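# Structure at a glance
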Number of protein chains: 2
Amino acid sequence: MRDVARRAGVGASSVSRVLAGHPDVSERMREAVMAAVEELGYRPDLLARGLRSGRTGTVGFVVADIENPMVAQTVTGAERRLREAGYSMLLTNSEGRADQDAGSIELLVQRSVDGLLLLLSDEENACTVAALRRAECPVVLLDREIPDGAGIARVSFDHRPAMAAATRSLLALGHRRIGLLVGGPRRPRHERRAGVEEAIASEPEASLTVFEGALTAADGEASAARLIAAEPRPTALVVAGNVLCEGVLLAFARLGIRVPEDISLISCDDSPAAALHDPPISVVTRDMSAFGLRGAELLISQLEGAGAVEEVVLPTEFVERRSCAPIAAAANGRKV
Amino acid sequence: MRDVARRAGVGASSVSRVLAGHPDVSERMREAVMAAVEELGYRPDLLARGLRSGRTGTVGFVVADIENPMVAQTVTGAERRLREAGYSMLLTNSEGRADQDAGSIELLVQRSVDGLLLLLSDEENACTVAALRRAECPVVLLDREIPDGAGIARVSFDHRPAMAAATRSLLALGHRRIGLLVGGPRRPRHERRAGVEEAIASEPEASLTVFEGALTAADGEASAARLIAAEPRPTALVVAGNVLCEGVLLAFARLGIRVPEDISLISCDDSPAAALHDPPISVVTRDMSAFGLRGAELLISQLEGAGAVEEVVLPTEFVERRSCAPIAAAANGRKV
């Protein structure tokens, strides 16, 4: 900025005023400053530009865990739509740590993003909720429900029907002792569990054992080992997360548990690991790319003043594969 | 800013001058403006703050394709180290499009990042190279070699020895017709190919068929199908990319090709899909988290003035699994 001032033969404060679009600047001054800016290749202060136009053309995306392939697909879906609409995207990653979400929101707001897409690690964290209240830009929540979140646009998945259908398919195969592994943020966790419980409630003889924990592979591996040691052992397992399921498969390989001979298995979210597994694993799928895309659309419509605050609900689907088999006639009563 | 000026009872240009740390501002004026900034919760203009301190405490990371799990692991490794050192990270994703890298570099530079980590889609793209020359902040290149890139810090993998070891293991099993699928940016592609070729050159009867293309699963699937149709068909295949290998496995499943009975298979980069495959797939592995971490360290040492521009080279390793088997005695000469 000092170089620009010297080149234009004016004071640094004049350069500030010109770049901030201040009204009491002579046309001659403005021209001299802008010519120096051009000649020196000085990059315009985007914040100052934002103060003039009210926009920086950039959207911030806070993601819980970029290592989860589902998250990465969501990012790509959102980015394509944003780019079409002329927006750049800046990403931050919270590494699944609830205490990072708030810092990421603050960072992006300070960098003057026009709006925020949020795939939060923990929707109930008080710092996150407070950071969101301070953020004055439009926000879209992706499959989360913050406390008192009325008035915030959302894209959510309807997890329950497909989770219930998946569980009913196990009941139809004769399974009565069913295990469920769930973890992570409240919204998908609670909805997925509710779908399973809804189906279980329809069958008087069915029982459900729930393991709640984190969403990591290590947690899936530990929970699967506990489940296999349970007496009586569940004959079927629903795993509400793709990374959790990686851990489950590692535990099964280590313990010599065969799918579906020893236990039937259903996971959530499709992946090469699930589809190319031998046998291929039944999954409750959802379209993460559409999820990101619709989130971007809701945000764009708010940014362009077209949109009321909306909620969009996307479907999920149960895809049955060979990881589920009928239970042997006596196994439900037998100690395994 | 206008609200701050009104609250402080000064002109907007005075607010600019105070926030820019301009020397010709009275102490009383400075206090009035800063009090108004406090009261109104006005967020400091980070660019202006950067002009004072020379720093914004933020590092930009340009990644080629966030959907690749290897890339995501690199990001997480870098982010942990940066966070320890007090830096925030802003990410941009190029979706594997060479024409996006330059735009991402420009965006991050405009947002006044202190330095850049670059995992580029294409190190030879002229716009990217030009954008890098214009960027005046410290830069670390991750496993890429830009033309005339002397003076740019780098973290690279030593791909050749493990690729040669992988290929020699196939030769030791009796394979003589070997296929290689490679794609993507020049540096890993060229180094991986050179390692394979080095081993092939050591065995006079060995021949290599190379398929070069993109790094997508679709490309892997198409190349695998062409390879299977080749006369005579290779008896072993080295796939230089984890996403490529997903496509190869899809093609093999579709065509009824068994691993290792019909073809031996080696991939690059470990993943749940490779480790949990039946049979588990031999891979050339590398530590992506250490890759990100060392990149972050090189950048931090430059930012803190401690570092000369350095190159760090990290090892790769061949991990043999059950996807490779001895060739049937006559198969090398036989038409398959």
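Just so it is clear, the structure is predicted and the values come from calculations on it, not from any experiment.

About the cut-offs
Residues numbered from 1 in each chain as written. Chains lettered and ligands numbered in written order. Predicted model: local features only at pLDDT ≥ 70, side-chain atom pairs only at ≥ 80, totals over all residues. Heavy atoms only, no water. Salt bridge = Lys/Arg side-chain N within 4 Å of Asp/Glu carboxyl O. Helix = DSSP H or I, 4+ residues; strand = E, 2+ residues; numbered from the N terminus. Contact = heavy atoms within 4.5 Å. Buried area = accessible area lost by both parts, 1.4 Å probe. Polar contact = N/O pair within 3.5 Å; in protein donor to acceptor, adjacent residues only side chain to side chain. Nonpolar A, V, L, I, M, F, W, Y, C, P; charged D, E, K, R; others polar. Least-squares fit on C-alpha atoms with pLDDT ≥ 70 in both. Pairing = 2+ DSSP bridges. Axes fitted to C-alpha atoms, helices over the stretch in contact; angles between N-to-C directions. Buried < 20%, exposed > 50% of the residue type's maximum accessible area, 1.4 Å probe, protein only. Phe/Tyr/Trp six-rings, centres within 6.5 Å; stacked < 30°, edge-to-face > 60°.

Here we come to the pattern of salt bridges. This structure, assessed with the given rule, holds 52 salt bridges over all chains. Put simply, Glu212(B) and Arg189(B) hold a salt bridge, and the shortest N to O gap is 3.4 Å. One end of the pair, Glu212(B), is in strand β7 (residues 207-213); the other, Arg189(B), is in helix α9 (residues 186-201), and 23 residues separate them in sequence. Overlapping salt bridges bring together Glu124(A), Asp143(A), Glu145(A), Arg154(A), Arg186(A), Arg187(A), Arg192(A), Asp269(A), Arg286(A) and Glu311(A) as one network.

A few words on the interface of chain B and chain A. Contact with chain B, which involves 50 residues of that partner, is made by 50 residues of chain A. Of the roughly 4600 Å² buried between chain B and chain A on both sides combined, carbon and sulfur atoms contribute 58%. At the junction of chain B and chain A, the tally comes to four salt bridges. Notably, a salt bridge pairs Arg80(B) with Glu95(A), separated by 2.5 Å at the nearest N-O pair. Counting every contact that joins chain B to chain A gives 18 residue pairs in polar contact (both at pLDDT 80 or more). Elements represented by at least two residues in the side of chain B that touches chain A include exactly α2 (12-19), α4 (46-53), α5 (69-84), β2 (88-93), α6 (98-110), α11 (242-255) and α12 (272-275) of chain B. Here the element with the most residues in the side of chain B that touches chain A is α5(B); it accounts for seven residues. For the side of chain B that touches chain A, the residue count by class is 22 nonpolar, 14 polar and 14 charged.

Okay, the relation of the copies chain B and chain A next. When chain B is fitted to chain A, the residual RMSD is 0.0 Å, and the transformation amounts to a turn of 180° plus an axial shift of 0.0 Å. Seen this way, the second copy is the image of the first under a two-fold rotation axis. Both copies share a contact surface, since 100% of the interface residues of chain B are interface residues in chain A too.

A few words now on the sheet that holds strand β9 (residues 264-268) of chain B. Residues and elements named next belong to chain B. With respect to topology, six strands assemble into an open sheet ordered β7-β6-β8-β9-β10-β12, the strand pairing being mixed. Edge positions in the sheet fall to β7 and β12 (317-319), since each has one partner strand and no second. Ignoring strand direction, the axes of neighbouring strands in this sheet form an average angle of 15°. Packed onto the sheet, α9 meets β6 (177-183), β7, β8 (236-239) and β9 and runs at close to 170° relative to β7. Along the sheet, helix α10 (residues 217-229) contacts β6, β7 and β8; its crossing angle with β6, the most-contacted strand, is approximately 160°.

Residues and elements named next belong to chain A. For Ser94, the position within the fold is in the loop between β2 (88-93) and α6 (98-110). For Ser94, a relative accessible area of 0% translates into the label buried. Looking at Ser94, its side chain comes within polar contact range of the side chain of Asp101, at 2.7 Å. Non-local contacts of Ser94, meaning those with residues more than four positions away in its chain, are made with Val62, Val63, Ala64, Gln100, Asp101, Ser104 and Ser121.

Moving on to the packing of aromatic side chains. Residue and element names in this part refer to chain A. Enumeration according to the criterion identifies two aromatic pairs over all chains in this entry. Taking 4.6 Å as the distance between ring centres and 45° as the angle between the ring planes, the aromatic pair formed by Phe157 and Phe291 counts as tilted. A residue pair is termed long-range when its members are at least 10 positions apart, and Phe157 in strand β5 (residues 153-158) and Phe291 in helix α13 (residues 288-303) qualify at 134 residues. Here Phe157 matches Phe291 in class, with each residue buried.

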